[in-house]
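Residue-level structure breakdown
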Amino acid sequence: MAIAQTPTPIFPLDTNPLTLLQPAQANRPFSVVGQRGAILGQQDGTFELWSLPVKVLDHAHLTARLEGYEADIDLNQHASQIEVRPDHTTITYAHAAIAVKQHMFIPRAAQNGVATAIVLFEIHAIRPATVTLSFDPAMERQWPAPNFGRPNAGWTSVGDTGLYTLSTDNPSFFGMVAMPGTRGPLRPYQERAQTLPLEFNLSYDPAKDDHRFYPLVAAVTGVDGKPRDTPPQLQQQLLQAAASIPDLYRSTSDFFDHFFDTRLTADTPSPELNAALRWAEISIEQARVTSAIGSGLAGGWYTSGDSARPGFGWFFGRDTLWTLYAVNSYGDFQLSREAMDFLLAHQREDGKMMHEVSQTAELVDWVHLPYLYAAADSTPLFVMQMADYVRSSGDTAYLRAHWDNVKRAYAFTRAHTTDGVFDNSQGTGWVEEWLPKMPHQEIYLAALDQQSSESMAQLAKLMGDPQLSSQAAQQAASIRDYLAKYRSPQGTYSFSRNTDGTFDTRATVFPSVAWWSGSLALPDAEPTFDAWASPRIATDWGTRSLIEGAPDFDPMSYHHGSVWPLYTGWISLAEYRARRPQAGYANLMQNARLTWLQDIGAVTEVLSGTFYQPMGRSSSHQLWSSAMVIAPAIRGLFGIEADTLNHRLRVDPQLPASWDQATLHNVPFGDTRLNLTLRRNAQSLEVEVTSQKPLQLCLQSSKDFFANTPCSAIESTTHHLRLPLPPVEVLPETSAPQPGDPTQQIKFIDQTYADHSLRLKLEVMANTTARLSLRTNLPARDLKGGLKIEGAEHDPHDPRQIIVSGGTGSGYSERNVTLTW
């Protein structure tokens, strides 16, 4: 088999049309991640390279010196553009005399720690040049495995090129780094010892090298400290992989070229949302990790700096389970099974589900560290997720194979309760720290317990266990009643219950999970929804965890007032389920716009609660943040959920007032994929659902779907539904804030329809004006007297726009607008 001793002839890279292109910003990160490798860096092009779970090198830096041009050019200072595609990311360095493209990708076909992350350097210059890639050798195993300090580097010549061997104090654990077509000088041994970067130096000649890639490849062996490969064997494997780079790239590009052949996509009047949904699905796929301890979903990615923690680049229980609602929504049931298999492999004997597992867990006594079962919420979420997976996929065989796991998980929640409701005694619910003290029973856990019990009732019925089904249904009903006790005297729902029976009544985001599965809704929750939509909780980029002005509110804290896209997704779906589509859409689009904020194509973990800026330690490519673009869009905005076993499809869209139509492709319904078209027609929204083959299907409203109302399925390739539209609709116009902006855009609190009128409750910033799009669905004969507006005015240049003015002074003030006809 051939080995690479020379650069790689250029081959096509830019075939995938899904592209994000922005000016490179040195203070913003990028991530190129996949099943076995990761390249994490800043948009100035500096990076660290991981052959998971090992950081092979870091602080990679690029310089150039042109013949006859006596100046060293720091190419990283000339990073001008970042281009992100599903299969690779390119950073372009542009100097007046030289341009370099740094192409980075993760081969899906890579194996055994060899060439799991690849960088291709493409060079064009006006004259011959020497280009130098410098880097620090790392050879650090992912946290919390012990490491051996900075590795020793040795150069091995291979023809006119060569490679570095990175040796640790464990002779079985070593790595190699190669860049065919370059040389890598080492300081003479006789020189005084210094810690200096390693270098690859290449001599570029525009006459012959313009059509070459200079590839950077790496390999590691003996991660567990046990002998596996000898240095000659690993060298052979690495240079053979370097000779196969076009094929390795093709393994990735082909996969993503066909990625959306079976996964859901949307075509709507919002190109922003269309792209964000696609990128969210890709970001979840990129978080898929195959490791020595199994395959699953990693929580999030970010540069590790001087640590061995690449963000949260390992496996998490609740992160995975919240994300799988999105995965089921776009139809990758194989990924759902794979991710649940990993969690099941780490389920405790008493039924508790795992919280987190490092990729190097087997190298330490992970069971006795405080992480594996630290959180309590993964256990009820697992039962909920199994029910959602079975309902969406129709895969009862998977349920049957893991029925004992499901029963043990449910039994665990029943064994650890206060007043019959799951509590925090077995780990954290949501918050990992809380002032003034940790909660005894969060409404977050209690609401999950109710939905888990309801899910268990459905699953037990499928498994032919009527007694368990009845018990779980009774438990769900009991917890539903219990949750009403959390309603505070102020009308909002409390955060938690204390051991003495009193409540922490601070307004938080956490009651919103009660609306997640669709069958539960907290009673008399209007004040809670009003608070969520107000500028005390709602920023222009998402939802704060804790209401501004509350004791211990801190917009820079992890839990006491920061903005998580996860929370924003919870709130968005709750608002759609509660028929508050304007607030739901605002939150959905705030999450979607984060696709372009930082690590473009991915959504960050946590942002400031005061300014539009991610936290400094926020994982820039966060798994569940991407999921919270998808779940509220599919299940909320479009109102789509499947009950494949009973041939039912929930169709309850709440389109923005400015949209005339929308189309969804590859809507999953078990093994079948549907196309769904939504089109306005006067006072109706017409729904058409088509399939390639005749399908037994019944289209249902939310009320009938979540009540499990039987319906008569009709077998056809085309199914229709006509839904009534309100006489008048409005939508606030918002846009992405600029980095550093405070909250200042309109907040849509609520709307109330009455006979021939619509009343809007808004909050508008002082000394500003806000716009709302207006749509009338009434026939002209019903609008003979025109549309009258109180509290706002028509835009004189556009009758489809309403203008609302804020008050004088400072801050937000309430504005009430009434439309009559």
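The coordinates are above.
So, here is what we can say about the structure in this document. Note that the structure is predicted; figures quoted are calculated from it, not measured. (Residues numbered from 1 in each chain as written. Predicted model: local features only at pLDDT ≥ 70, side-chain atom pairs only at ≥ 80, totals over all residues. Heavy atoms only, no water.)

**Digging into the overall build of the protein**
As a reminder, the rule being used: Put simply, DSSP H or I for four residues or longer makes a helix, DSSP E for two residues or longer makes a strand, and each gets a number counted from the N terminus. Computation of the radius of gyration draws on C-alpha atoms, with the globule rule given as 2.2 Å multiplied by the number of residues to the power 0.38. The cut-offs for exposure are 20% and 50% of the maximum accessible area for each residue type, with area from a 1.4 Å probe on protein chains only; residues under the lower value are buried, those over the upper are exposed, and the others partly exposed. Any two residues whose heavy atoms approach within 4.5 Å at even a single point are treated as in contact. Throughout, the Shrake-Rupley method with a 1.4 Å probe supplies accessible areas, and for residues the shown protein chains are the sole cover considered. Positive charges are assigned to Lys and Arg, negative charges to Asp and Glu, while His and the chain termini are left out of the count. Charged side chains are reduced to one point each, which is NZ for Lys, CZ for Arg, CG for Asp and CD for Glu.
Check the secondary structure of the protein and you find 16 helices and 42 strands. By the compact-globule yardstick of 28 Å for 821 residues, the protein fits well, its C-alpha radius of gyration being 28 Å. Dimensions along the principal axes, computed over C-alpha positions, put the protein at roughly 90 × 65 × 60 Å. Taken across its 821 residues, the protein has 62% of its residues classed as buried. Counting only contacts in the protein whose residues sit at least 6 apart along the sequence, the fraction spanning at least 24 positions is 66%. With an accessible surface of roughly 30100 Å², the protein has 49% of that area assigned to carbon and sulfur atoms. Separation of charge centres in the protein, based on 64 positive and 86 negative side chains, amounts to 4 Å.

**A few points about the pattern of salt bridges**
Stated formally: Each reported salt bridge corresponds to a side-chain nitrogen of Lys or Arg within 4 Å of a carboxyl oxygen of Asp or Glu.
Counted by the stated rule, this structure contains 42 salt bridges. A salt bridge links Asp798 to Arg800, with the shortest nitrogen-to-oxygen separation between them at 3.3 Å. Look at Arg800 and you get exposed, because its relative accessible area is 57%. Through salt bridges with shared partners, a single ionic network connects Asp388, Arg391, Arg577, Arg635, Glu641 and Arg650.

**Quick notes on the nonpolar core**
The line we're drawing: In this text, buried Ala, Val, Leu, Ile, Met, Phe, Trp, Tyr and Cys residues form a nonpolar core when linked through side-chain atoms within 4.5 Å.
Within the largest apolar cluster, 154 residues are counted, with the highest numbers of intra-cluster contacts made by Trp570, Phe638 and Leu649. Once residues within four sequence positions are removed from consideration, Phe638 is found in contact with Ala266, Thr268, Ala633, Asp652, Pro653, Leu655, Trp659, Ala662, Leu664 and Leu678.

**Considering the sheet that holds strand E37 (residues 757-765)**
Inclusion rule: Paired strands are those between which DSSP finds at least two bridges. What counts as an axis is a line fitted to C-alpha atoms, over the stretch in contact for a helix, and the angles between N-to-C directions run from 0 to 180 degrees.
A sheet is described by the order of its strands in space; here four strands give the open sequence E36-E37-E42-E39, paired in antiparallel fashion. A strand with exactly one partner marks an edge of an open sheet, and here the two such strands are strand E36 (747-754) and strand E39 (788-790). Taking each pair of neighbouring strands and ignoring which way they run, the sheet shows an average axis angle of 20 degrees. Bridge count for E36 against E37 is seven bridges, and the pairing is antiparallel. When the sheet's bridge partners are listed, Lys747 is paired in E37 with Glu763. Packed on one face of the sheet, helix H12 (residues 526-533) meets E36 and E37 and runs near 140 degrees to E36.

**Regarding empty space enclosed by the protein**
In this approach, a probe sized like a water molecule rolls over the atoms, and the result shows the empty space that is left. Under the convention used in this document: Here the term cavity refers to a set of points on a 1 Å grid, laid over the protein atoms alone, in which a 1.4 Å probe fits but cannot get out; the term pocket refers to an open set having protein on both sides within 12 Å along at least five of seven lines, with lining residues being those that place an atom within 4 Å of a point. Grid points are joined across faces, edges and corners, and a volume is the space filled by probe spheres set on the points. The residue classification treats Ala, Val, Leu, Ile, Met, Phe, Trp, Tyr, Cys and Pro as nonpolar and Asp, Glu, Lys and Arg as charged. All others, Gly included, are polar.
If you walk through the whole model with that rule in mind, you get five cavities of 30 Å³ or more. There is about 230 Å³ of room inside the largest cavity. Elements with a contribution of two residues or more to the lining of the largest cavity: strand E3 (29-33), helix H3 (245-257) and helix H4 (271-286). In terms of residue class, the lining of the largest cavity is made up of 11 nonpolar, 10 polar and five charged. Approximately 160 Å³ is the volume found for the second largest cavity. Lining the second largest cavity are 16 residues, and of these Arg391, Gln458, Ser517, Ser519 and Phe706 sit closest to its centre. For the lining of the second largest cavity, the elements supplying multiple residues, two or more each, are helix H7 (378-393), helix H10 (443-462) and helix H16 (702-706). Of the residues contributing to the lining of the second largest cavity, the split by class is five nonpolar, six polar and five charged.

**Digging into the packing of H4 against helix H15 (residues 623-637)**
What counts here: Put simply, angles under 35 degrees are roughly parallel, angles over 145 are roughly antiparallel, angles from 65 to 115 are roughly perpendicular, and the rest are oblique. For any helix crossing, the convention is left-handed if the near helix is rotated counterclockwise from the far helix by under a right angle, and right-handed if that rotation is clockwise.
Close contact between H4 and H15 brings their axes to 8 Å; oriented N to C, the two are set at 130 degrees. By the angle between their directions, the pair H4 and H15 is classed as oblique. Where H4 crosses over H15, the two elements pack in a sense that is left-handed. Listed contacts from H15 to Leu273, Ala276, Leu277, Ala280, Glu281, Ser283 and Ile284 of H4 are Leu623, Ser626, Ala627, Val629, Ile630, Ala633 and Leu637. Each residue belonging to the contact of H4 with H15 can be placed in one class, and the counts come to 11 nonpolar, two polar and one charged.

**Observations regarding the side chain of Ser172**
By secondary structure assignment, the location of Ser172 is in the loop between strand E14 (161-167) and strand E15 (174-178). Judged by its relative accessible area of 14%, Ser172 is buried. Not counting chain neighbours up to four residues away, the residues in contact with Ser172 comprise Thr221, Gly222, Gly225, Lys226 and Pro227.

**Here's the deal with the state of the cysteines**
To keep it simple, the criterion reads: Cysteine sulfur atoms that come within 2.5 Å of each other are treated as a disulfide pair.
Evaluated as defined, the whole model comprises one disulfide. Disulfide pairing is shown between Cys698 and Cys711; the S-S distance is 2.2 Å. With Cys698 in strand E33 (residues 684-700) and Cys711 in the loop between H16 and strand E34 (714-724), this pair connects stretches of sequence that are 13 residues apart. Given the relative accessible area of 27%, Cys711 is considered partly exposed.

**Looking at unusual backbone geometry**
Here Trp143 and Pro144 are connected by a cis peptide whose omega angle stands at 5 degrees. With respect to the helices and strands, the residue Pro144 is situated in the loop between strand E12 (129-141) and strand E13 (152-158). Located in the positive-phi region is His647, a residue other than glycine, with phi close to 60 degrees. Positionally, His647 belongs in the loop between strand E29 (640-643) and strand E30 (648-651). The backbone of His756 shows a phi angle near 65 degrees, a positive value even though the residue is not glycine. Tracing the backbone shows His756 in the loop between E36 and E37. Since its relative accessible area comes to 45%, His756 is described here as partly exposed.

**So, the pairing of E29**
Along E29, one buried face is formed by Ile640 and Ala642 and the opposite face, lined by Glu641 and Asp643, is buried too. Alignment of E29 against E30, held across four bridges, turns out to be antiparallel. Paired with Asp643 across the bridge in E30 is Arg648. The hairpin turn running from E29 into E30, its antiparallel successor, is four residues long, and His647 in that turn takes a positive phi close to 60 degrees.

**Side note on the packing of helix H13 (residues 565-577) against H15**
Each pair of packed helices can be described by the angle between their axes along with the distance between the axes. Two elements in contact, H13 and H15, have axes whose closest approach is 8 Å; the angle formed by their N-to-C orientations is 5 degrees. Classified by the interaxial angle, the pair formed by H13 and H15 is roughly parallel. Packed against H13, whose contacting residues are Pro565, Leu566, Gly569, Trp570, Ser572, Leu573, Tyr576 and Arg577, the element H15 presents Trp624, Ser625, Met628, Ala631, Pro632, Arg635, Gly636 and Leu637 at the interface.

**Observations regarding the pairing of strand E8 (residues 79-84)**
In terms of strand pairing, strand E2 (residues 20-23) meets E8 through four bridges, oriented antiparallel. Bridge pairing in E8 links Pro23 to Gln81. Here E8 pairs with strand E9 (residues 89-94) via five bridges, running antiparallel. By the bridge assignment for E9, Glu83 is matched with Thr90. The hairpin formed by E8 and E9 contains four residues between the paired strands.

**Some details on the sheet that holds strand E25 (residues 441-442)**
Taken in spatial order, the three strands of this open sheet run E25-E26-E27, and their pairing is antiparallel. Taken across any chain shown, the strands that pair with only one partner, and hence form the sheet edges, are E25 and strand E27 (503-504). The sheet contact formed by E25 and strand E26 (residues 496-497) spans two bridges and is antiparallel. From the neighbouring strand, Glu442 faces E26, where its bridge partner is Ser496.

**Quick word on the environment of Ala79**
Tracing the chain through its elements places Ala79 in strand E8. Beyond its immediate stretch of four places on either side in the chain, Ala79 contacts Ala24, Gln43, Asp44, Ile91, Thr92 and Tyr93.

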